[in-house]
Amino acid sequence: MARSKPGRNDPCPCGSGKKYKKCCLRHADLAPGPASSQQVERALEARLVADLDDIDELSNRALALTNAGDFGGARRCCDELRQRYPDQPDGLERLAELHHARGDREQALATWRQVRDLFVRTPALQDDDEHARWVDEQIAGLEAG
């Protein structure tokens, strides 16, 4: 007989690829039996919150490593952000800051332009005018000097 409720070490039913205990378990009150649309919606919302927390953690770690001069560690965080969250600007933004910290203005500028292109091609980012203006300010600052 198949289980209707995932075990702690099973893959999360929300599709995140994480173990259930590391993803939606803390937010779930799944009753035995098929999940209702409300339960699925709660699980997806929990996944989004978990992803945002993860993005923030990796992004902050990349910035801290850049500021500490650990450019290799910062690069690994940037690469992980870009791999796991390709439609989010954080990985590219932290990479641009890393290039700038290393003194590679041209590469920093090219990477900031990639961030701007991400805003253009990603519908979920197109309404974030304040963030897009901040990216344009970073580009303008590097172009000026």
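If you're wondering where the values come from, they're calculated on a predicted model, not measured in any experiment.

Caption draft 1: Just the overall build of the protein chain, in detail. Along the protein chain, the regular secondary structure elements total five helices and zero strands. Taken from N to C terminus, the helices and strands of the protein chain fall in the order α-α-α-α-α. Here the protein chain, with 145 residues, has 33% of them falling under the buried criterion. Relative to all contacts within the protein chain whose residues are 6 or more apart in sequence, the contacts with residues 24 or more apart total 44%. In the structure as shown, the protein chain presents an accessible area of about 9,100 Å², 48% of it carried by carbon and sulfur atoms.

Caption draft 2: Spatial organisation of the packing of aromatic side chains. Going through the model one piece at a time under the given rule, you end up with one aromatic pair. Between Trp112 and Trp134 the ring centres are 5.3 Å apart and the planes differ by 85 degrees, which places this aromatic pair in the edge-to-face class. Of this pair, Trp112 sits in helix α4 (residues 105–121) while Trp134 sits in helix α5 (residues 129–144), and the two are 22 residues apart along the sequence.

Caption draft 3: How the structure looks around the confidence of the model for the protein chain. Mean pLDDT over the protein chain works out to 83, with 74% of the residues at or above the 70 mark. Taken element by element, the predicted model of the protein chain shows its lowest mean pLDDT in helix α1 (residues 37–67) (77) and its highest in helix α3 (residues 90–101) (96).

Caption draft 4: Structural detail: the packing of helix α2 (residues 71–84) against α3. Running from N to C, α2 and α3 point in directions that differ by 160 degrees, and their axes come no closer than 8 Å. Viewed along their axes, α2 and α3 adopt a mutual orientation that is roughly antiparallel. In this structure, α2 crosses over α3, and the sense of that crossing is left-handed. Of the residues in α3, those touching α2 at Phe71, Ala74, Arg75, Cys78, Leu81 and Arg82 are Asp90, Gly91, Leu92, Arg94, Leu95, Leu98, His99 and Ala101. Grouping the amino acids of the contact of α2 with α3 by side-chain chemistry returns eight nonpolar, two polar and four charged.

Reading the values: rules and limits
Residues numbered from 1 in each chain as written. Predicted model: local features only at pLDDT ≥ 70, side-chain atom pairs only at ≥ 80, totals over all residues. Heavy atoms only, no water. Helix = DSSP H or I, 4+ residues; strand = E, 2+ residues; numbered from the N terminus. Buried < 20%, exposed > 50% of the residue type's maximum accessible area, 1.4 Å probe, protein only. Contact = heavy atoms within 4.5 Å. Areas by Shrake-Rupley, 256 points an atom, 1.4 Å probe, with all protein chains shown as cover. Phe/Tyr/Trp six-rings, centres within 6.5 Å; stacked < 30°, edge-to-face > 60°. pLDDT = per-residue confidence, 0-100. Axes fitted to C-alpha atoms, helices over the stretch in contact; angles between N-to-C directions. Parallel < 35°, antiparallel > 145°, perpendicular 65-115°, else oblique. Left-handed = near helix turned anticlockwise from the far one by under 90°. Nonpolar A, V, L, I, M, F, W, Y, C, P; charged D, E, K, R; others polar.

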